[in-house]
Structures are given as structure tokens and as C-alpha cells.
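# Geometric and topological summary
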Amino acid sequence: MSAVGRLWRRAPAWRLCVITCVASACLAAMFPPALPSWWPQRLTRAGAVQAGTMAMAPAGVAPLTAPALVAPAHFVPELEGTPPNDGDLEVLHAGILRSGVIPFAGRQVPLPAGNWTDLVLARLGGVVPGQEEVFVRIQDGQLTGLLQASAPSPTAGAAGPLARPQLCFASNTILRDIVPEASTQNPMAHECWFLIDSNSVTAARRANLEPVLRRSLARVEEIGGHVPDHMLTMVYLRTDQTGWMTTVLLLPDSRDVSAAASRRIQDWVRRYASALHQGYDGRAPSVPRDPT
């Protein structure tokens, strides 16, 4: 007989303890008792973050209450019909002037000549989160330029469209260029730009503009700038396996320029598109002078 068997026969107190422990464990597993009120509740992940925030709360700020720390996490399903998150728009203080080349979303965006103000910053929601930034140039109370840059957020991934965007086929353009695509290049690589004469900046037609641009024009008027009824609009779009970026540039349109002046403007647009191409690759582009 083994040592355990001999101990079981000769030690009734030890035998009683073993039986009691096994029986108690079975009963506790089948009927778990309630925890006493003084027992510390388990913190959820959100509760742990709140606890750390409470520990760092400055003087005069009321700490988080205990129920906020012990509340269990739960899932609340989104109500049917709830609109998707359209992002967050921030109107910046119009006091810092910028010029030259500015970094944006890992690219280099050249600003045309003059002093520009960083006016609006937007974080866009949706399937592919994005970011937008708007710069304006105001001279003698007149809006002489508006630049809007759009690109995916750093955490949105680098996926771009496989097909050439429909934006490249805009109609009624003054000037347009679609960069030829080779059969050996990445299927996500596309590049195009076009120039149009737009009257959509008039007060009567601004409701058709997208929210960021509409808010930017309203902000220009709030700070005392006059928005002309007609402006030339240049749109540049490039996308590849690393991401994408769209740049919209609004310039004043005198509508009575000579043929020579029109050729100078179109030549400047071509040079500026080349500068945007260089900036997309992360190179420092040379900013062309405004047409004179």
C-alpha cells in the first residue's frame, strides 16, 4: 500500500480536511458567493485610464468618483441611421504669416509668392480619414489667393485609387493635363491637373461648395477680406502606392486680360504644377513667380 493510502487509513483528521476542501471547492464553483462591499472592484481598461487621469489632476479640479472607476465596460450599438463622422474643423488664429514651402502630410507644398495665412485645419472622418488645411493671401483687403491641401491622415494607410479619378476628366476647362501612364507603372499611380474659370465663389452659389472651402471663404469675410465673385481655380491631383494629395488653388480673375497675359497665366500654372509634383515626392520645389 502506498504512503497516501496508509495516511488515509491512519489519519482521520487529515482525511476529513481533504474531503472538506474538495466539497467546498465544488460548492464554490457551482454557487459563487457575492463579493463583500469592501472588496476592490476590477478596473476596466477605460477605468484604469481614468484612474491615471485622476492621479494627475491639478489642484482645484475635482477628482473622478469611485463609480466612474468601477463601472464595467459595455458595448452600445450605433443607432440605425446615425450619420458617419464628418470630422472636426478648426478655425485657426489669422495672425501668423507663411511663405515659401510648407510641410503637409509628409509632402512639401509650395505657396505662391506673397504672405499667406494658415486659416482652417480640418480632420475628416469616414472610411479613409483625411486632413485638410487652407491658406489664404489677403492684400489691401482683397482675397488674392486661397490654397486648400487635402491628404489622408498619417494613420489612414497608403491605399490610393486603382482607376484614374473622375476629377481628371473635368469638363469646361481652360487648360488641362493628364500625365501619361505607362503599362509598367504601379496601378495606383495617377496624376492630373486642370484650370477652370469658376463663379462658384459668389455668395449665391457657395452653398454648393464643400464645407471646408465654404467655411474658409466665410472666415475671410469675417476677418475683413473681400471675396471676388470670379476666380480662376486650379486643381492638382496625384496618387500612388504611398497615398494621395489634392491641391486646390484659387486666384483672382480679372476677366478682361489680354491674350498675352492669358498665356503668361497658363505658363505659370504649368510651372506651378511641376512644383507640386516635386513637393509630392518630398523634394524642395522651386516656387515660380506670379505671372506679370
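Relevant structure appears above.
This report concerns the structure included in the present document. In this text the structure is predicted, and so the values were computed from the model without any measurement.

### A word on the pairing of strand β3 (residues 101–104)
Here β3 shows a buried face lined by I102 and F104 and an unburied face lined by V101 and P103. Sheet analysis places β3 next to strand β4 (residues 107–110), joined by four bridges and oriented antiparallel. What sits directly across from P103, in β4, is Q108. Hairpin connection between β3 and β4: a loop of two residues separates the two successive antiparallel strands, and A105 in this loop has a positive phi of roughly 55°.

### Regarding the side chain of S216
If you trace the backbone, S216 turns up in helix α5 (residues 211–222). In this structure the side chain of S216 is engaged in a polar contact, spanning 2.8 Å, whose partner is the backbone oxygen of V212. When residues no more than four places from it in sequence are discounted, the contact partners of S216 are L119, V120, V134 and L146.

### Examining helix α6 (residues 259–280)
Across its 22 residues, α6 extends 32 Å between first and last C-alpha, which sits within 8% of the 32 Å expected from 1.5 Å per residue. Elements in contact with the buried residues of α6: β4, β7 (142–152), β8 (175–178), β9 (190–198), β10 (231–240) and β11 (243–252). A positive phi of about 90° marks G282, the residue just after α6.

### Re the nonpolar core
With 24 residues, the main nonpolar core has L147, W193, M234, L249 and Y272 as its most contacted residues. Among the secondary structure elements, those contributing two or more residues to this core are β3, β7, β9, β10, β11 and α6. Ranked by residue count, the leading element in this core is α6, at six residues. What Y272 contacts, discounting residues up to four positions off in sequence, is P110, P112, L147, M234, L249 and P288.

### Some details on the packing of aromatic side chains
Tallied over the full model, the rule gives one aromatic pair. Both rings, one in W268 and one in Y272, keep their centres 5.1 Å apart while their planes meet at 5°; by these two values the pair is stacked. Residue W268 and its partner Y272 are both found in helix α6; the two are separated by four residues, about one turn of the helix. Accessibility assignment for this pair places W268 and Y272 in one class, buried. Across from the ring centre of Y280, 3.8 Å away, lies the NZ or CZ of R107, which sits over that ring.

### Some remarks on the side chain of D253
In this structure, D253 sits in the loop between β11 and α6. In this structure D253 comes out as buried when scored by relative accessible area, which is 17%.

### Description of α5
Between its first and last C-alpha, α5 extends 16 Å over twelve residues, near the 16 Å set by a 1.5 Å rise per residue. Among all positions of α5, only V212, L213, S216, L217, R219 and V220 are buried. The arc that holds the buried residues of α5, viewed along the axis, is 160°, so those residues lie on one side. Buried-residue contacts for α5 involve β1 (88–91), β5 (116–124), β6 (130–139) and β7. Taken from the residues just after α5, G224 is the one with a positive phi, measuring 95°.

### What to know about the state of the cysteines
Per the stated rule, a full pass over the model turns up one disulfide. Residue pairing for C168: its cysteine sulfur links by disulfide to C192, the two sulfurs lying 2.1 Å apart. Its S-S torsion of approximately -80° makes the covalent link between C168 and C192 left-handed. Here the residue C168 occupies a position in the loop between β7 and β8, and C192 occupies one in strand β9, the gap between them amounting to 24 residues. The same class applies to C168 as to C192, namely buried.

Here is what the cut-offs are and how they apply
- Residues numbered from 1 in each chain as written.
- Predicted model: local features only at pLDDT ≥ 70, side-chain atom pairs only at ≥ 80, totals over all residues.
- Heavy atoms only, no water.
- Buried < 20%, exposed > 50% of the residue type's maximum accessible area, 1.4 Å probe, protein only.
- Helix = DSSP H or I, 4+ residues; strand = E, 2+ residues; numbered from the N terminus.
- Pairing = 2+ DSSP bridges.
- Polar contact = N/O pair within 3.5 Å; in protein donor to acceptor, adjacent residues only side chain to side chain.
- Contact = heavy atoms within 4.5 Å.
- Expected span 1.5 Å × (residues − 1).
- Core = buried A, V, L, I, M, F, W, Y, C linked by side-chain atoms within 4.5 Å.
- Phe/Tyr/Trp six-rings, centres within 6.5 Å; stacked < 30°, edge-to-face > 60°.
- Lys NZ or Arg CZ within 6 Å of the ring centre and 35° of its normal.
- Arc of directions from axis to C-beta.
- Disulfide = S-S within 2.5 Å.

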